[in-house]
Amino acid sequence: MSEPATLKLISDNISEEEVIFPPGDLLSDEPPLESDLHRDQIDLLIRILKLWWREREDFYASGNLTVYYSPNQKKSEYFRGPDFFVVLGTQKKDRKSWVVWQEDGKYPNLIVEILSSSTTAVDKGLKKQVYQDTFRTPDYFWFDPVTMELQGFHLVDGKYQEIQVTTDGRLWSQQLELYLGVYEGKLRFFTTENQLILSSEELAEQERLRADQAEERAQQAEQELARLREVLRTRGIDLENI
């Protein structure tokens with residue numbers, strides 16, 4: 001598994017007086033999401049991955065949150081806000097933002113941008129370039145919730161190479177060791193066996209269906225037993241006396 005690049009050292013040309021050290025609890029400066037569709041998609045990815053990795057303590061998954069990466073350690077310069085990102089090899093805890101210089105120089109291992117009419121050009125152009133050249137993020141994907149366009153890239157020798165689509169229309173993430181694909185109009189995760197990773201709501205619904213089916217089978221068995229008893233009774237056989 002390839003590792004993202006760490007924070008560059010502060011230039012020798014910058015004096016200590018010019019360096020501004022902001023507080024450690026920087027708040028995210030991300031703008032409002034474009035629509036409920038975008039918010040719901042981001043929230044779905046976060047919730048499902050956290051549920052799938054609920055036993056792990058070595059990752060951070062978030063979305064629509066600012067990543068600060070200024071070599072001068074300034075909040076006012078060099079920041080981006082990925083729609084969804086995952087950092088591996090870090091502590092699983094809540095954060096107000098991701099401040100690279102306070103996170104051992106770690107950048108996201110995976111980023112997903114949810115395209116919209118106002119962000120497509122930036123997501124496919126400037127952000128892709130930043131994630132490749134500065135973040136050195138190994139896996140980068142974008143998804144359009146309207147057109148269902150899904151494309152992914154993996155960092156090879158410092159350059160993004162397009163990830164080939166499987167026959168099922170899915171893309172492999174080396175960092176997550178999961179597939180990404182579209183299911184019922186949403187970007188979802190799939191296992192190496194191509195099984196859909198369920199949300200908490202889907203798991204609850206699955207359990208409800210199983211309980212309903214078990215109850216239905218029990219009722220059918222009881223009805224069948226009652227029918228057999230009636231058949232035996234008509235033949236003069238009383239099960240109580242056997």
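Whatever comes next refers back to the structure up there.
Residues numbered from 1 in each chain as written. Predicted model: local features only at pLDDT ≥ 70, side-chain atom pairs only at ≥ 80, totals over all residues. Heavy atoms only, no water.

Engineer: Please explain the pattern of salt bridges as it appears in this structure.
Structural biologist: Side-chain pairs of opposite charge can arise whenever the charged atoms involved come near each other. A complete count under the given rule lists eleven salt bridges for this structure. For the salt bridge of Lys-127 with Asp-123, the shortest nitrogen-to-oxygen distance reads 3.9 Å. Looking at Lys-127, the relative accessible area reads 11%, which means it is buried. A salt bridge links Arg-188 to Glu-202; the shortest N-O distance between them is 2.6 Å. In this pair, Arg-188 is assigned in strand S12 (residues 186-190) and Glu-202 in helix H4 (residues 200-234), connecting sequence segments 14 residues apart. Here Glu-202 falls in the partly exposed class, since its relative accessible area comes to 24%. (Salt bridge = Lys/Arg side-chain N within 4 Å of Asp/Glu carboxyl O. Buried < 20%, exposed > 50% of the residue type's maximum accessible area, 1.4 Å probe, protein only. Helix = DSSP H or I, 4+ residues; strand = E, 2+ residues; numbered from the N terminus.)

Engineer: What's the story with the packing of aromatic side chains in this structure? I'm lost.
Structural biologist: Within a pair of aromatic rings, the relevant descriptors are the distance that separates the centres and the angle that separates the planes. A full pass over the atoms with the stated rule returns 17 aromatic pairs. Ring pairs connect the aromatic residues Tyr-69, Tyr-78, Tyr-107, Tyr-131, Phe-135, Tyr-140, Trp-142, Phe-153 and Tyr-160, which therefore count as one cluster. The lysine or arginine in question, Lys-128, covers the ring of Phe-153, its NZ or CZ lying 4.6 Å from the ring centre. The positively charged end of Arg-170 is found above the aromatic ring belonging to Phe-190, 3.8 Å away from the centroid. (Phe/Tyr/Trp six-rings, centres within 6.5 Å; stacked < 30°, edge-to-face > 60°. Lys NZ or Arg CZ within 6 Å of the ring centre and 35° of its normal.)

Engineer: Any chance you could explain helix H1 (residues 36-52) here in plain terms?
Structural biologist: Given 3.6 residues per turn, any residue in an α-helix points the same way as the ones three and four places further on. Given a rise of 1.5 Å per residue, 17 residues ought to cover 24 Å, and the 24 Å separating the end C-alpha atoms of H1 matches this to within 8%. Among the residues of H1, His-38, Gln-41, Ile-42, Leu-44, Leu-45, Ile-46, Ile-48 and Leu-49 are the ones counted as buried. The inward-facing, buried residues of H1 contact strand S1 (59-62), strand S4 (84-88), strand S6 (110-114), strand S7 (139-143), strand S11 (178-183) and S12. (Expected span 1.5 Å × (residues − 1). Contact = heavy atoms within 4.5 Å.)

Engineer: What's the story with the sheet that holds S4 in this structure? I'm lost.
Structural biologist: Think of a sheet as strands paired side by side through backbone hydrogen bonds, with each pair either parallel or antiparallel. As summarised here, the arrangement of the six strands in space is S1-S4-S6-S7-S8-S9, forming an open sheet in which the pairing is mixed. Each edge of the open sheet carries a strand with a single partner, namely S1 and strand S9 (159-162). Averaged over all pairs of adjacent strands, the angle between strand axes in this sheet comes to 15 degrees, irrespective of strand direction. Across five bridges, S6 lies against S7 in parallel orientation. Directly across from Ile-111, in S7, lies its bridge partner Tyr-140. (Pairing = 2+ DSSP bridges. Axes fitted to C-alpha atoms, helices over the stretch in contact; angles between N-to-C directions.)

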